[in-house]
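# A structural walkthrough
The lines below spell out each chain.
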Amino acid sequence: MEMYQRGRTEPHSKCGCREIGTWVRIPPSPPNKRGYMFNLKGIFGKKSKDKDLEKYIKKNLIRTKGKTNSHKAKTFVPENITNKIGLSFSQTLLDMIDKKGMTDVECYKSANIDRKLFSKIRCNNDYKPSKETVLALAIGLKLSKDETNELLLSAGYILSPSILSDIIVLYFIENKLYDINNVNIALYEHGQKVLGAQ
């Protein structure tokens, strides 16, 4: 997805922007970069929320008053998934990359993850990424709901029906819509953290 920003009249030598009338194309950058957030802000002049996504949220989101009681709250995790826990997040991720027939580069680029962060995950078995990073990798790998749960659990997280961002990401996974930019646009529209390197 190409994104544009108004206001620059001269091509920017450092970032490679090219002038397009009064709008310039902004090269894609990881979600933790300031420029990426500017790109997201620049395309929300009008509200354009997906009606199907809104229906999905209304149907699946469990709204709670105050803090959720973790022992009572439902999750999207099947019982059989918990039996697979044992491998580190790094090992689980690398196994999934191999199963999907992808290269490391294809994985972190499609997840909009920085190469240095991916290298840190790969080389350190004890490294614990943020939940947003894990979900970005799940989108990049085009994982199913069960595979996403398995990857999350290996990092100590779960998908919760009481967390709006989880519902939004799950909508894209269940509908096999694996464009990280579209996922982040939906998250941004709903005031949630975007996925990727933090």
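To be clear, the structure that these remarks concern was listed above.
Described in the following lines is the structure provided in the data block. (Residues numbered from 1 in each chain as written. Predicted model: local features only at pLDDT ≥ 70, side-chain atom pairs only at ≥ 80, totals over all residues. Heavy atoms only, no water.)

## Here's the deal with helix H7 (residues 131-140)
Because an α-helix packs 3.6 residues into every turn, residues spaced three or four apart end up facing the same way. In terms of burial, H7 is a largely internal element, 10 of the 10 residues being buried. Of the residues making up H7, those classed as buried are Lys131, Glu132, Thr133, Val134, Leu135, Ala136, Leu137, Ala138, Ile139 and Gly140. Each element contacted by the buried residues of H7 is listed here: helix H4 (89-99), helix H5 (104-110), helix H6 (115-123), helix H8 (145-154), helix H9 (164-174) and helix H10 (180-189). Following H7 by one or two positions, Lys142 adopts a phi angle in the positive range, close to 55°. (Buried < 20%, exposed > 50% of the residue type's maximum accessible area, 1.4 Å probe, protein only. Helix = DSSP H or I, 4+ residues; strand = E, 2+ residues; numbered from the N terminus. Contact = heavy atoms within 4.5 Å.)

## What to know about the packing of aromatic side chains
Any pair of aromatic rings gets described here by the distance separating the centres and the angle formed by the planes. Following the criterion strictly, the structure yields three aromatic pairs and no others. Judged by centre distance (5.4 Å) and plane angle (45°), the rings of Tyr108 and Phe118 are tilted. You can see Tyr108 sitting in helix H5 and its partner Phe118 sitting in helix H6, a full 10 residues away along the chain. For the residue pair Tyr108 and Phe118, the accessibility class agrees, reading buried in each case. With a centroid separation of 5.4 Å and 90° between ring planes, the pair formed by Tyr171 and Phe172 is classed as edge-to-face. Neither residue differs from the other here; Tyr171 and Phe172 are each classed as buried. Aromatic ring contacts, followed pair by pair, group Tyr56, Tyr171 and Phe172 into a single cluster. Above the face of the Tyr157 ring, Lys128 is positioned so that its terminal group lies 5.2 Å from the ring centre. (Phe/Tyr/Trp six-rings, centres within 6.5 Å; stacked < 30°, edge-to-face > 60°. Lys NZ or Arg CZ within 6 Å of the ring centre and 35° of its normal.)

## Quick word on H9
Among the 11 residues of H9, nine are classified as buried, and the element is accordingly described as predominantly covered. Among all positions in H9, only Ser165, Asp166, Ile167, Ile168, Val169, Leu170, Tyr171, Phe172 and Ile173 are buried. Against the buried residues of H9 lie helix H2 (51-60), H7, H8 and H10. Downstream of H9 by one or two residues, Lys176 has phi in the positive range, about 55°.

## Some thoughts on the nonpolar core
One finds Leu93, Leu137, Leu151 and Leu195 to be the most contacted residues of the largest nonpolar core, which totals 40 residues. At the level of elements, H2, H4, H5, H6, H7, H8, H9 and H10 are the ones that each hand at least two residues to this core. Sorting elements by how many residues they give to this core places H9 first, with seven residues. (Core = buried A, V, L, I, M, F, W, Y, C linked by side-chain atoms within 4.5 Å.)

## A closer look at the packing of H4 against H8
Contact pair H4 / H8: the axes reach a minimum separation of 8 Å and the direction vectors enclose 155°. Here H4 is positioned roughly antiparallel relative to H8, judged by the angle of their axes. Note on packing geometry: the crossing formed by H4 with H8 is left-handed. In this structure, H4 contributes Phe89, Thr92, Leu93 and Met96 to the contact, and H8 contributes Glu147, Glu150, Leu151 and Ser154. Grouping the constituent residues of the contact of H4 with H8 by class yields four nonpolar, two polar and two charged. (Axes fitted to C-alpha atoms, helices over the stretch in contact; angles between N-to-C directions. Parallel < 35°, antiparallel > 145°, perpendicular 65-115°, else oblique. Left-handed = near helix turned anticlockwise from the far one by under 90°. Nonpolar A, V, L, I, M, F, W, Y, C, P; charged D, E, K, R; others polar.)

These figures come from the coordinates and say nothing about function on their own.
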